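# Chains, contacts and geometry: an overview
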Amino acid sequence: MSGGLPKALPSTGPHSLRDMPHPLAGSSSEEAVGGDSTPSPDLLMARSFGDKDLILPNGGTPAGTSSPASSSSLLNRLQLDDDIDGETRDLFVTVDDPKKHVCTMETYITYRITTKSTRVEFDLPEYSVRRRYQDFDWLRNKLEESQPTHLIPPLPEKFVVKGVVDRFSEEFVETRRKALDKFLKRITDHPVLSFNEHFNVFLTAKDLNAYKKQGMALLTRVGESVKHVAGGYKLRSRPLEFAAIGEYLDTFALKLGTIDRIAQRIIKEEIEYLVELREYGPVYSTWSALEGELAEPLEGVSACIGNCSTALEELTDDMTEDFLPVLREYILYSDSMKSVLKKRDQVQAEYEAKLEAVALRKEDRPKVPADVEKCQDRMECFNADLKADMERWQNNKRQDFRQLLMGMADKNIQYYEKCLMAWESIIPLLQEKQEAK
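The structure displayed is predicted, hence computed values, not measured ones.

What counts as what
- Residues numbered from 1 in each chain as written.
- Predicted model: local features only at pLDDT ≥ 70, side-chain atom pairs only at ≥ 80, totals over all residues.
- Heavy atoms only, no water.
- Helix = DSSP H or I, 4+ residues; strand = E, 2+ residues; numbered from the N terminus.
- Buried < 20%, exposed > 50% of the residue type's maximum accessible area, 1.4 Å probe, protein only.
- Areas by Shrake-Rupley, 256 points an atom, 1.4 Å probe, with all protein chains shown as cover.
- Axes fitted to C-alpha atoms, helices over the stretch in contact; angles between N-to-C directions.
- Parallel < 35°, antiparallel > 145°, perpendicular 65-115°, else oblique.
- Left-handed = near helix turned anticlockwise from the far one by under 90°.
- Contact = heavy atoms within 4.5 Å.
- Nonpolar A, V, L, I, M, F, W, Y, C, P; charged D, E, K, R; others polar.
- Pairing = 2+ DSSP bridges.
- Phe/Tyr/Trp six-rings, centres within 6.5 Å; stacked < 30°, edge-to-face > 60°.
- Lys NZ or Arg CZ within 6 Å of the ring centre and 35° of its normal.
- Salt bridge = Lys/Arg side-chain N within 4 Å of Asp/Glu carboxyl O.
- Patch = residues over 30% accessible without salt bridge, like charges linked within 9 Å, V, L, I, M, F, W, Y side chains within 5 Å.
- Disulfide = S-S within 2.5 Å.
- pLDDT = per-residue confidence, 0-100.

The next point concerns the overall build of the chain. Helix and strand counts for the chain stand at 12 helices and 3 strands. When burial is assessed residue by residue, the chain has 42% of its 437 residues classed as buried. Summed over its atoms, the accessible surface of the chain is roughly 25000 Å², and 54% of this surface lies on carbon and sulfur atoms.

Pasting the structure below:
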């Protein structure tokens, strides 16, 4: 966080956790813990999701080898490893240019949505519209209604940055813009959601409010079925693969929540340390005015502390703007996946209830009604879509967390390199004074 006041945005007008597999740990961490307990098949499946995703490229740096000459080489290697997207893209969406609007009844922020596409669904090759947060919220609700079998990316929370009072500050708005941009890019990259009619309207309609009033969107048959309560019927049991997904998501969200809380405390302590450094450095400078031979070394120490303060401020800003939002996005993502999993369970419960009703009929060879077959089809559709989206989510998570952790390592290396250079710079000055004596 920056030390000064937030900058104003320009306005346009007036089981035991010990036994659970750690989702961020590889097999080596489990061997270090040891123990004779054997995880259940469900947990083994959950572990297969976690372990294969977050293994750092090339297995890390072996002990005894030298680190790269430059920390940036870590990110260069990461980019080469991740540059494997062979998909042909025909839809590009960006969110930029936030503007503050002051009206009689309210003040709000809008963002420019720029769309470029060669798809036949779009009448023009390029669109530019402005949307506010509640429009993004509307889009997400419509996607949930019309595509209930799919994982809908999460939106940033209404007030995503804790401790920020001014939601119109540049820092808050920029964090929000990045999150909204990622939200739309997640949808754009999805092979089903990107063709949704509501998404098309969101990207192209000049007057979205007029479209909202028309009530044009109708729930699909699948969506209507999901909203139907299965007569209080209790689900017998989830299939093992979906039970494993549920347990994995619970543990994943728990671990990320813990990391998020600790990271916030670390940032808070870094900011407090930064305040002390800013008071500490000038003391040496004022002291130097009273000294003769020590004046120059004291000024050097003051400048050194100032450089360390600047480096620490950059590190805390990177943690706040880049690290924390990714953690929170994936915590919300796990909630979204749990929601889809719950809808799948509702369809399975409905299917099981209908099967029981058919079995209770006093017929030698009861015929399976059409509605039972349709319900089975819906359940199979849910299973296929959920598994496909889970795989896609795991791939995105692997890349996002590799980039996040490598970036965090790179930023910390840079921070300590700057501090080291600052302190090393005053050593020759001190040695000169000693030799002069």
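So, next bit.
Our next topic: the packing of helix 5 (residues 170-188) against helix 10 (residues 295-359). Put simply, helix 5 and helix 10 touch, their axes get as near as 11 Å, and they point 45° apart. In terms of orientation, helix 5 lies oblique with respect to helix 10. For helix 5 against helix 10, the interelement crossing comes out right-handed. Of the residues in helix 10, those in contact with Thr175, Lys178, Lys182 and Arg186 of helix 5 are Asp322, Pro325, Val326, Glu329, Tyr330 and Tyr333. Residue classes in the contact of helix 5 with helix 10 are distributed as 4 nonpolar, 1 polar and 5 charged.

Further remarks concern the sheet that holds strand 2 (residues 107-117). Read from one edge to the other, the open sheet built from 3 strands follows the order 1-2-3, with strand pairing classed as antiparallel. The open sheet has two edge strands with one neighbour each: strand 1 (91-102) and strand 3 (126-132). In this sheet, adjacent strand axes meet at a mean angle of 20° when their direction is disregarded. Note: strand 1 against strand 2, 10 bridges, orientation antiparallel. Bridge pairing links histidine 101 to tyrosine 108 in strand 2. The strands that helix 5 touches are strand 1 and strand 2; relative to strand 1, the one it contacts most, it runs at about 150°. Against the sheet, helix 6 (residues 197-204) touches strand 1, strand 2 and strand 3, its axis set at about 90° to strand 3.

What follows deals with the packing of aromatic side chains. Enumeration over the complete set of coordinates arrives at 14 aromatic pairs. Taking 5.5 Å as the distance between ring centres and 35° as the angle between the ring planes, the aromatic pair formed by tyrosine 330 and tyrosine 333 counts as tilted. Placement of the pair is tyrosine 330 and tyrosine 333 together in helix 10, with a separation of 3 residues, close to one helical turn. Considered together, tyrosine 330 and tyrosine 333 belong to a single accessibility category, that of buried residues. An aromatic cluster is defined as three or more aromatic residues linked by ring pairs; in this entry it consists of Tyr248, Phe252, Tyr330, Tyr333, Trp393 and Phe401. Note that arginine 344 overlies the ring of phenylalanine 242, its terminal NZ or CZ placed 4.6 Å from the centroid.

Moving on: the environment of phenylalanine 136. With respect to the helices, strands and loops of the structure, phenylalanine 136 is situated in helix 4 (residues 133-146). For phenylalanine 136, a relative accessible area of 0% corresponds to the buried category. It is 8.3 Å that separates the C-alpha atoms of phenylalanine 136 and phenylalanine 202, two residues lying 66 residues apart in sequence.

This next bit is on the pattern of salt bridges. A complete count under the given rule lists 25 salt bridges for this structure. Residue aspartate 260 is joined to arginine 328 by a salt bridge in which the shortest nitrogen-to-oxygen separation is 3.5 Å. Taken together, the residues aspartate 260 in helix 9 (residues 240-288) and arginine 328 in helix 10 connect sequence positions 68 residues apart. Aspartate 260 sits in the buried class, given a relative accessible area of 7%. Among the residues examined, arginine 328 registers a relative accessible area of 10% and is labelled buried. What you see here is one network of salt bridges that share partners, running through Lys182, Arg186, Glu329 and Asp400.

With that out of the way, let us pick up a nonpolar patch on the surface. Nonpolar side chains collect at one region of the surface, where Trp287, Leu290 and Leu294 lie side by side and expose about 340 Å² of accessible area between them. Within the secondary structure layout, tryptophan 287 lies in helix 9.

One way to put it is that helix 4 packs onto helix 6 with a least axis distance of 9 Å and a crossing angle of 165°. Classed by the angle they form, the pair helix 4 and helix 6 counts as roughly antiparallel. Considering how the two elements wind past one another, helix 4 and helix 6 form a crossing that is right-handed. Residues Asp135, Phe136, Trp138, Leu139, Lys142 and Ser146 of helix 4 lie in contact with helix 6, whose contacting residues are His198, Phe199 and Phe202. Its residues assigned to classes, the contact of helix 4 with helix 6 shows 5 nonpolar, 2 polar and 2 charged.

We now examine unusual backbone geometry. Unlike most non-glycine residues, aspartate 97 shows phi in positive territory, near 50°. Within the secondary structure, aspartate 97 sits in strand 1.

Another point: the state of the cysteines. Tallied over the full model, the rule gives 0 disulfides. Left unpaired, cysteine 419 is separated from the closest cysteine sulfur, that of cysteine 308, by 3.8 Å.

Across the chain, the average pLDDT comes to 77, with 70% of residues at or above 70. For the stretch residues 216-231, pLDDT sits under 50, and the model shows 27 contacts to residues farther than four places along the chain or on other chains.

Our next topic: the pairing of strand 2. Most of strand 2 is tucked away, with 8 of its 11 residues classed as buried. The pairing of strand 2 with strand 3 spans 7 bridges and is classified as antiparallel. Within the sheet, the bridge partner assigned to tyrosine 111 lies in strand 3 and is arginine 131.

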